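Read off the chains here:
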Protein chains: 2
Amino acid sequence: MLKYQQIAAEIEQYINQHDLKQGDKLPVLEQLMSQYAVSKSTVTKALELLERRGVVFQLRGSGIFVRRHNRPGYMSLFSTQGFKSNLGDRVLTSDVLDVSVTKPDETVAQNLGIDVTDDVYHVERVRFVDGEVLCHEESYYVKQIVPYLNREIVADSIFDYVQSALGVTIGFSDMYMQVGRLNATEAGYLGLQADDPTLRIETIFHLTNGKPFDYSRITYHYEHSQFVVQANGPYM
Amino acid sequence: MLKYQQIAAEIEQYINQHDLKQGDKLPVLEQLMSQYAVSKSTVTKALELLERRGVVFQLRGSGIFVRRHNRPGYMSLFSTQGFKSNLGDRVLTSDVLDVSVTKPDETVAQNLGIDVTDDVYHVERVRFVDGEVLCHEESYYVKQIVPYLNREIVADSIFDYVQSALGVTIGFSDMYMQVGRLNATEAGYLGLQADDPTLRIETIFHLTNGKPFDYSRITYHYEHSQFVVQANGPYM
DNA sequence: TACTATAATTGTACCGGTACAATTAATAAA
DNA sequence: TTTATTAATTGTACCGGTACAATTATAGTA
């Protein structure tokens, strides 16, 4: 683990342990430098990371402050999107409906940047938070990158497996979201009625080298899905 | 304008002018350094900015590459949230329904971190993209921070006014989103039926010093609102 | 007391450098 | 030709430093 990541983790831990709230001040830069015995730029980088994650904000001439959103029941949009964070003490489980190797249709192939003759893993799940239906998910993994999957792996976190067992690292993702109505099949999975509202998110996950390796379509249960997104300034 | 912001802008311009696509390679770091006659760290900072915005991705040992999502009709979620970006050539207009000074109710006061006796500007608009109804927006501005607003300002970009005329800078924001059904009033504004699906986003905008200054509730027309969110790696 | 000018605090921009890890290209071996 | 080894390329981590801008605290003045 890199120094600045380590320090970021420790600072976050410090915030949690001391139960700091929105606006509370952290030790000044120079103290953090000596405390962790690293250079200024390393501390700065750690704080930058925390700033992006929405944990702190920095104010020149004043100090470093804790940033906290205080609305219970809202998950980070990214936490349900492969990135583990801010799920708190909620438990995420899955019913696996299908794990199989198939050929992608035209749309899937295009989103993954592969040919329709290439193999993909098809994974279909219903996901739960604390026992309540969260969403129905259908995703496609490029078999050339993810050569093996089974129901056990898929029941847990696929991303953890991919990163640790296969040694590939996830780089970035593009999420496309829209609101619509459920069809009968989807309604069945989610325990809702057809034509009920829903949030649909399609996501293309890329490796660090820019290659897409996972295309997923998620249909959310509109009553059990509330998301928070923390944005940083006009540069987003 | 800061150097690294300037360089970021120029690099982005370069990408657009040369119509570079996903995966196309940019000049290497060292060349960018000499080309813009700045140090390595400045170029790095510019690229970091572009990476966060989803414009490029960097691959150690390999180079700097263009990152592009290629799905027309999707707006950046942040572009409709005060941050001007990625709206492309779409035209954003507004019907102003109300601009007035009032007292906040309990909820609004709490979200803005003020007292119910403090003054707020109440702004209500219906917003359009290329003439089509996008959303209904109701927002509250802390009058102590935004002392004056009128229909003209509000018809245009409030954020531009606040930043340029008042000299305050927007720092960060927390967005809370959920899916639900329209009530009769909202449906009227959006030209839809009651009980139609909708995306609701509440946002609290903070200044750089962490003080909330705008709390807004937006109700989106589900057929005209498709959003893209670009995420960067597991650190989000 | 209230306001103003001044000084101390504190994070950010920017520079330049070394070491290194990941990728890719070049070379040698099978 | 293919594969393994080596070397060149290229971005990232980390160091340390100077100058500066924004904030906050202090001292001075009316």
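Residues numbered from 1 in each chain as written. Chains lettered and ligands numbered in written order. Predicted model: local features only at pLDDT ≥ 70, side-chain atom pairs only at ≥ 80, totals over all residues. Heavy atoms only, no water.

**Q** What's the story with the protein's contact with DNA strand D in this structure? I'm lost.
**A** In the vicinity of DNA strand D lie 22 residues, with A:K3, A:T42, A:K45, B:L29 and B:Q58 positioned nearest. Expressed as a percentage, the sugar and phosphate content of the atoms of DNA strand D within 4 Å of the protein is 76%. Take A:G61: an N or O atom from its main chain is 3.4 Å from a base oxygen of DNA strand D. Put simply, the parts of the chain that give the surface near DNA strand D at least two residues each are α1 (3-17) and α3 (40-52) of chain A together with β1 (56-59) and β2 (63-66) of chain B. For the surface near DNA strand D, the element with the highest residue contribution is α3(A), accounting for 4 residues. For the surface near DNA strand D, the class distribution of residues is 7 nonpolar, 9 polar and 6 charged. (Near = heavy atom within 4 Å. Polar contact = N/O pair within 3.5 Å; in protein donor to acceptor, adjacent residues only side chain to side chain. Helix = DSSP H or I, 4+ residues; strand = E, 2+ residues; numbered from the N terminus. Nonpolar A, V, L, I, M, F, W, Y, C, P; charged D, E, K, R; others polar.)

**Q** Just checking my understanding: could you explain the interface of chain B and chain A for this structure?
**A** As a measure of interface size, the accessible area lost when the parts come together is often cited. Each partner contributes residues to the interface: chain B has 53 residues there, and chain A has 53 residues. Taking both partners together, chain B and chain A bury about 5000 Å²; carbon and sulfur atoms supply 57% of that area. Our enumeration of links across chain B and chain A arrives at 6 salt bridges. In this structure, A:D196 and B:R181 form a salt bridge, with 2.7 Å as the shortest nitrogen-oxygen distance. Where chain B meets chain A, there are 24 residue pairs in polar contact (both at pLDDT 80 or more). At 12 residues, strand β7 (residues 170-181) of chain B tops the list of elements feeding residues into the side of chain B that touches chain A. In terms of residue class, the side of chain B that touches chain A is built from 24 nonpolar, 20 polar and 9 charged. Note that strand β7 (residues 170-181) of chain A and strand β10 (residues 226-232) of chain B share 7 bridges and pair antiparallel. (Contact = heavy atoms within 4.5 Å. Buried area = accessible area lost by both parts, 1.4 Å probe. Salt bridge = Lys/Arg side-chain N within 4 Å of Asp/Glu carboxyl O. Pairing = 2+ DSSP bridges.)

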